[in-house]
Amino acid sequence: MTDLVASAPAREPWREPPLGLLAELTHRCPLACPYCSNPLELVARDRELPTEVWLRVLRQAAELGVLQVHLSGGEPTLRTDLETIVAEARALELYTNLITAGVGLSARRLEALVAAGLDHVQLSVQDVDPEGCDRIGGFKGSLPRKLELARAVRAAGLPLTINAVVHRHNLDRLERFVELALELGADRLEVANVQYYGWAWVNRAALMPTRAQLDHAVAVVERARATWGDRLAIDFVVPDYYAKHPKPCVSGWGRAVIVVSPDGRVLPCHAAHTIPGLTFADVRERPLRWIWQESPAFQRFRGLEWMREPCRSCPRREIDFGGCRCQAMALLGDPEATDPACSLSPEHGRILALAEQEAAAPPPPFRYRRLEPVAAE
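The model shown is predicted, which means the values in this text are computed figures rather than measured ones. Within each chain, residues carry numbers counting from 1 in the order of the written sequence. Totals for whole chains, interfaces and linings use every residue, but because this is a predicted model, local features are given only for residues with pLDDT of at least 70 and side-chain atom pairs only at 80 or more, for both listing and counting. Excluding hydrogens and water, the side-chain figures rest on all heavy atoms present in the structure.

## Quick look at the packing of helix 13 (residues 325-332) against helix 14 (residues 348-360)
To be explicit about the condition: In this analysis, axes come from line fits to C-alpha atoms, helices being fitted only over the stretch in contact, and the angle between any two N-to-C directions falls in the range 0 to 180 degrees. Strands are runs of DSSP state E lasting at least two residues, helices are runs of H or I lasting at least four, and both sets are numbered from the N terminus onward. Angular relationships are summarised with four words: roughly parallel below 35 degrees, roughly antiparallel beyond 145, roughly perpendicular across 65 to 115, and oblique for the angles in between. Residue contacts follow a heavy-atom distance rule, with two residues in contact if any of their heavy atoms lie within 4.5 Å. Three residue categories are used. Nonpolar comprises Ala, Val, Leu, Ile, Met, Phe, Trp, Tyr, Cys and Pro, charged comprises Asp, Glu, Lys and Arg, and polar comprises the others, including Gly.
At a minimum axis separation of 12 Å, helix 13 and helix 14 run at an interaxial angle of 75°. Classified by the angle their axes make, helix 13 and helix 14 are roughly perpendicular. Across the interface between the two elements, Gln 327, Leu 331 and Leu 332 from helix 13 touch Arg 350, Ile 351 and Leu 354 from helix 14. Along the lines of polarity and charge, the residues of the contact of helix 13 with helix 14 split into four nonpolar, one polar and one charged.

Following this line, the structure appears as structure tokens:
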């Protein structure tokens with residue numbers, strides 16, 4: 001394949017700052033979810049950025065104009081310096097959101113994080129059924145621990161988002177997810193249909209829901225919004241393989257989000273590393289501002305110049321920004337192709353046929369997320 005960086009036309013530096021920094025502090029995690037967005041080759045502990053580098057990243061993010069810091073992983077609470085990182089973000093007046101699996105975070109540790117200045121907790125729940133929660137996450141006794149943490153978060157006065165990652169194994173219980181979010185006093189329920197990158201890519205056939213499941217889920221969300229809209233905000237995006245229009249992935253390539261991986265690579269989205277020919281700068285070697293404004297990898301799919309037809313003349317080109325480049329690469333082998341989630345793509349029928357075929361077949365066993373690398377099929 002042609003080197004994508006070398007072939008990218010020159011562009012003016014990107015002037016608008018990112019709204020959010022996704023700080024992937026570690027790839028270590030007690031769970032082994034088969035849909036994890038982390039790469040198949042996980043970063044080992046001895047390759048993680050040290051505390052002083054993360055503090056420098058936060059300072060550079062604040063100088064750049066970032067407003068929100070999402071502390072993620074893996075499981076970010078496995079970092080013993082998390083309180084120090086949160087305290088630095090508070091000193092810089094950055095809003096902090098902790099994205100956690102919740103199985104190892106004690107009430108005492110939560111109190112320390114709140115004292116350090118933590119603003120929000122986003123808790124992932126793999127299933128409302130205890131056995132299903134254990135099976136999906138690969139961790140026994142997980143749901144009671146999650147519920148205990150959720151209650152501690154609300155008792156501490158922090159806003160709570162429940163992140164329900166849904167797929168064929170739990171989508172039929174979406175009503176119960178809504179009920180659980182209400183019972184826990186959550187402010188927001190994020191119904192996150194699995195996106196097929198990372199570990200979800202190799203588990204796609206095991207995770208793909210049926211069209212009937214999706215239609216039921218849409219109806220559930222509409223009823224819940226109508227009934228509970230004043231108490232619970234519900235986010236829901238139709239999964240790509242059944243969509244008519246592509247999602248504006250991370251609000252467009254290099255437009256709103258900047259991701260720093262545990263080993264220091266800086267990316268515009270989780271899966272950008274899957275596109276051949278792109279070289280991502282290391283935050284230890286380049287300042288965050290230069291990476292955001294000047295680096296060839298961030299410039300590569302910004303704006304409209306890179307687009308082909310039908311994207312180039314599409315009236316939605318500044319709504320979805322051409323859709324997902326990583327999905328075009330994964331399914332079509334060409335990151336400049338029209339995202340096949342779009343009904344205008346000549347390959348749209350292919351993505352829908354894949355979904356219907358895999359959803360109709362018995363699901364294969366999960367290939368759980370592990371530190372050892374797994375080859376994509």
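There is more to say, and it comes next.
## Things to note about the layout of surface pockets
Note the cut-off: Cavities and pockets are defined on a 1 Å grid built over the protein atoms alone: a cavity is a set of grid points where a 1.4 Å probe fits but cannot escape, while a pocket is an open set with protein on both sides within 12 Å along at least five of seven lines, and lining residues are those with an atom within 4 Å of any such point. Grid points are joined across faces, edges and corners, and a volume is the space filled by probe spheres set on the points.
Roughly 380 Å³ of internal volume is contained in the second largest pocket. In this structure, the second largest pocket is lined by 19 residues; those nearest its centre are Leu 40, Gly 198, Ala 271, His 273 and Thr 274. Of all the secondary-structure elements, those providing two or more residues to the lining of the second largest pocket are helix 8 (198-202) and helix 13. In terms of residue count, helix 13 provides more of the lining of the second largest pocket than any other element does, three residues in total.

## What about helix 2 (residues 51-64)?
Cut-off, in case you're wondering: Multiply 1.5 Å by the residue count of a helix minus one, and that product is the helix's expected span. Burial classes follow relative accessibility: with a 1.4 Å probe on protein chains only, a residue under 20% of its type's maximum area counts as buried, one over 50% as exposed, and anything between as partly exposed.
In a regular helix each residue adds 1.5 Å, so 14 residues correspond to 20 Å; helix 2 covers 20 Å between its end C-alpha atoms and thus fits that length. Taken residue by residue, helix 2 has Val 53, Trp 54, Leu 55, Val 57, Leu 58, Gln 60, Ala 61 and Leu 64 as its buried positions.

## A word on the packing of aromatic side chains
What counts is decided by this rule: Between the rings of Phe, Tyr and Trp (Trp by its six-membered ring), a pair exists once the centres lie within 6.5 Å; its type follows the angle of the planes, with under 30 degrees stacked, over 60 edge-to-face, and the other angles tilted. By the criterion adopted, a ring carries a charge over it if an Arg CZ or a Lys NZ lies within 6 Å of its centre and within 35 degrees of its normal.
Counted under the stated rule, the structure contains five aromatic pairs. Considering the side-chain rings of Trp 253 and Phe 301, the 5.1 Å spacing of their centres and the 80° angle between planes classify their relative orientation as edge-to-face. Taken as a pair, Trp 253 in the loop between strand 7 (233-236) and strand 8 (257-260) and Phe 301 in the loop between helix 12 (296-299) and helix 13 lie far apart in primary sequence, 48 residues in all. The pair formed by Trp 253 and Phe 301 is uniform in burial state, with each residue classed as buried. Within the aromatic cluster, the residues linked to one another by ring pairs are Trp 253, Phe 301 and Trp 306. Geometry around Trp 201 places Arg 204 over its ring, the cationic atom sitting 5.0 Å from the centre. Above the plane of the ring of Trp 292 lies Arg 302, whose end atom (NZ or CZ) is 4.7 Å from the centre.

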